[in-house]
Amino acid sequence: MSDRFKTSVDLAGEDIHWDPDAGLTYGSYLKLDAVLSAQSPLTDEHDEMMFIIIHQASELWLKLCLHELDAAIAHVARDETRPAMKMLARIARIQEQLTQSWAVLATMTPSDYLKFRDALGQSSGFQSWQYRMLEYRLGNKNAALARVHKGDPDAHARVLEALNAPSLYDETLRFAARQGLAIPEAALERDWSEAYEASDAVEAAWKQVYLDTERWWELYEFAEKLVDLEQKFQQWRFNHMKTVERIIGFRRGTGGSGGVSYLVKALDLRLFPELWTVRTQL
Ligand code: HEM
Ligand SMILES: N[C@@H](Cc1c[nH]c2ccccc12)C(=O)O
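Residues numbered from 1 in each chain as written. Chains lettered and ligands numbered in written order. Predicted model: local features only at pLDDT ≥ 70, side-chain atom pairs only at ≥ 80, totals over all residues. Heavy atoms only, no water.

If you check an unreviewed UniProt entry, the protein appears there as Tryptophan 2,3-dioxygenase from Marinicauda salina. The record held by UniProt for the protein lists under Subunit (unreviewed entry) the comment "Homotetramer." (UniProt positions renumbered as here; feature names shortened; annotations may be inferred.)

And the structure:
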């Protein structure tokens, strides 16, 4: 045979650092000692490792989402939509990663999960403070849910900070007003910890943007990024709900909620309501 496939890489001439400086290595930079020693299954069930790692990976992606979202909100507050859009584009890709993780989780059968579910006690995704911060930053202000974090004062403080600060949509409406759109005063200064209430006036403002995209291009582009973000968020929620249904059926949740019935309720929520209703008005 003349054209044999290579089955190993030729390292000759690569000048590889076979004894790298001890100062900074791959593992020390990435703190892999900490990351890879943080999986402590409570049972000997094979699938528990996957369950732990899916959650840990999701929390890492949530951490990056919050990092990007905080910066994006700060940029919008300074009228800098371009860098904010770069961050929202990255968030969209991260959301796709998060949504993909349901496919891995769904390889676990109901009976395999039930073998270690009891060991989880009353713990639940409900208690993810990063997720709650993300919801608040995106504008889903449900103050009551902050309460489950009281036992962890640091987390509680961060969650409350997000509850009391303007959300991405709040800052977007303030930006829209500075650009010359007629946004009602009630949307520009309010108690940010309260749920946002949709209004005809804000919908009418977005209608102007969508009817004359040439004139309002920056706002139009930004609004479409928000619509993308909300659609992807909804996909995460829907896939979570369906995966939960296929794994535990209609059992109650370990967090105390009705389970799937609770997750279904969240599917009716809107983060940027007028950006959806305006479509009917065009
Ligand atoms: C077998 C896997 C899973 C099951 C059976 C499950 C089940 C549930 C249930 C029943 C709830 C409602 C609260 C309760 O009463 O417990 C819930 C909430 C939640 N879960 Fe999961 N879950 C699973 C995996 C995940 C994963 C991988 C994540 C990723 C971080 C996650 C994140 C959350 C979050 C953030 C909530 C709160 C949602 C909200 O308040 O809107 N869950 N889950
Ligand atoms: N809420 C889940 C249990 C659960 C899902 N994700 C978790 C993460 C950590 C602890 C518990 C959980 C249930 O009712 O079955």
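From this point on, the discussion continues.
1. Overview of the overall build of the protein
Within the protein, the regular secondary structure consists of 13 helices and zero strands. Secondary structure elements of the protein occur, N-terminal to C-terminal, as α-α-α-α-α-α-α-α-α-α-α-α-α. Along the longest, intermediate and shortest principal axes, the C-alpha atoms of the protein span 70 × 55 × 45 Å. Across the 282 residues of the protein, 39% fall into the buried class. Summarising the internal contacts of the protein: among those between residues at least 6 apart in sequence, 70% fall at separations of at least 24. (Helix = DSSP H or I, 4+ residues; strand = E, 2+ residues; numbered from the N terminus. Buried < 20%, exposed > 50% of the residue type's maximum accessible area, 1.4 Å probe, protein only. Contact = heavy atoms within 4.5 Å.)

2. Some thoughts on the pattern of salt bridges
The tally for this structure, following the rule as stated, stands at 14 salt bridges. For the salt bridge of glutamate 68 with arginine 90, the shortest nitrogen-to-oxygen distance reads 2.9 Å. In this pair, glutamate 68 is assigned in helix 3 (residues 48-77) and arginine 90 in helix 4 (residues 81-105), connecting sequence segments 22 residues apart. Under the relative-accessibility criterion, arginine 90 is labelled partly exposed at 47%. The partner of arginine 137 in a salt bridge is aspartate 70, with the nearest N and O atoms 2.4 Å apart. Here the residue arginine 137 occupies a position in helix 6 (residues 129-138), and aspartate 70 occupies one in helix 3, the gap between them amounting to 67 residues. Sharing partners across several salt bridges, the network here consists of Asp70, Arg137 and Glu161. (Salt bridge = Lys/Arg side-chain N within 4 Å of Asp/Glu carboxyl O.)

3. Focus: the packing of helix 10 (residues 200-211) against helix 13 (residues 273-281)
At their nearest, the axes of helix 10 and helix 13 sit 9 Å apart, and the two run at 65° to each other. Pair helix 10 / helix 13 crosses with right-handed handedness. Residues Val202, Glu203, Trp206, Lys207 and Tyr210 of helix 10 lie in contact with helix 13, whose contacting residues are Glu274, Leu275, Thr277, Val278, Arg279 and Gln281. Class assignment of the residues belonging to the contact of helix 10 with helix 13 gives a composition of five nonpolar, two polar and four charged. (Axes fitted to C-alpha atoms, helices over the stretch in contact; angles between N-to-C directions. Left-handed = near helix turned anticlockwise from the far one by under 90°. Nonpolar A, V, L, I, M, F, W, Y, C, P; charged D, E, K, R; others polar.)

4. Observations concerning the coordination of the iron atom of ligand 1
Only one protein atom coordinates the iron atom of ligand 1: His240 (NE2), located 2.3 Å from the metal. Within the secondary structure layout, histidine 240 lies in helix 11 (residues 217-248). (Donors = N, O, S within 2.8 Å, 3.2 Å for Na, K, Ca; no water.)

5. Quick notes on the site of ligand 2
The local shell around ligand 2 consists of Phe51, His55, Tyr113, Arg117, Leu120, Ser123, Ser124, Gly125, Gly253 and Thr254. At 2.8 Å, a side-chain N or O of histidine 55 approaches a nitrogen atom of ligand 2. In the model, an oxygen atom of ligand 2 is placed 2.9 Å from a nitrogen or oxygen of the threonine 254 main chain. Computed on the free molecule, ligand 2 has an accessible area of 370 Å², of which 78% lies beneath the protein chains in the complex. Secondary-structure elements contributing two or more residues to the shell around ligand 2 are helix 3 and helix 5 (110-117). Broken down by class, the residue content of the shell around ligand 2 amounts to three nonpolar, six polar and one charged. (Near = heavy atom within 4 Å. Polar contact = N/O pair within 3.5 Å; in protein donor to acceptor, adjacent residues only side chain to side chain. Areas by Shrake-Rupley, 256 points an atom, 1.4 Å probe, with all protein chains shown as cover.)

6. What to know about the nonpolar core
Counting residues in each nonpolar core, the largest one holds 68 residues, and the members touching the most others are Leu88, Leu168, Tyr169, Ile183, Trp206 and Leu275. Take this core: its biggest share by element is twelve residues, from helix 11. If near-sequence neighbours (up to four positions away) are discounted, isoleucine 183 is found in contact with Leu173, Ala176, Ala177, Leu188, Val202 and Ala205. (Core = buried A, V, L, I, M, F, W, Y, C linked by side-chain atoms within 4.5 Å.)

7. Re the UniProt feature "binding site: substrate" (unreviewed entry) in the protein
Here, UniProt's "binding site: substrate" (unreviewed entry) annotation points to Phe51, Ile52, Ile53, Ile54, His55, Tyr113, Arg117 and Thr254. Topologically, isoleucine 52 is positioned in helix 3. In this structure isoleucine 52 touches Gln39, Ser40 and Pro41, once residues within four positions along its chain are discounted. Relative to the assigned elements, threonine 254 resides in the loop between helix 11 and helix 12 (260-266). The residues contacting threonine 254, other than those within four sequence positions of it, are Arg117, Gly121, Gln122, Ser123 and Ser124. There is a polar contact of 2.6 Å between the side chain of threonine 254 and the backbone oxygen of serine 123.

8. Examining the site of ligand 1
By nearness alone, 26 residues border ligand 1, and Ser124, Arg132, His240, Ser257 and Tyr262 come closest of all. Histidine 240 is positioned such that a nitrogen or oxygen atom in its side chain is 3.0 Å from a nitrogen atom of ligand 1. Contacts to ligand 1 include glycine 256, whose backbone N or O atom sits 3.4 Å from an oxygen atom. Listed by contribution, the elements that provide at least two residues to the shell around ligand 1 are helix 3, helix 4, helix 6, helix 11 and helix 12. At five residues, helix 11 tops the list of elements feeding residues into the shell around ligand 1. Classifying every residue of the shell around ligand 1 by side-chain character gives 14 nonpolar, eleven polar and one charged.

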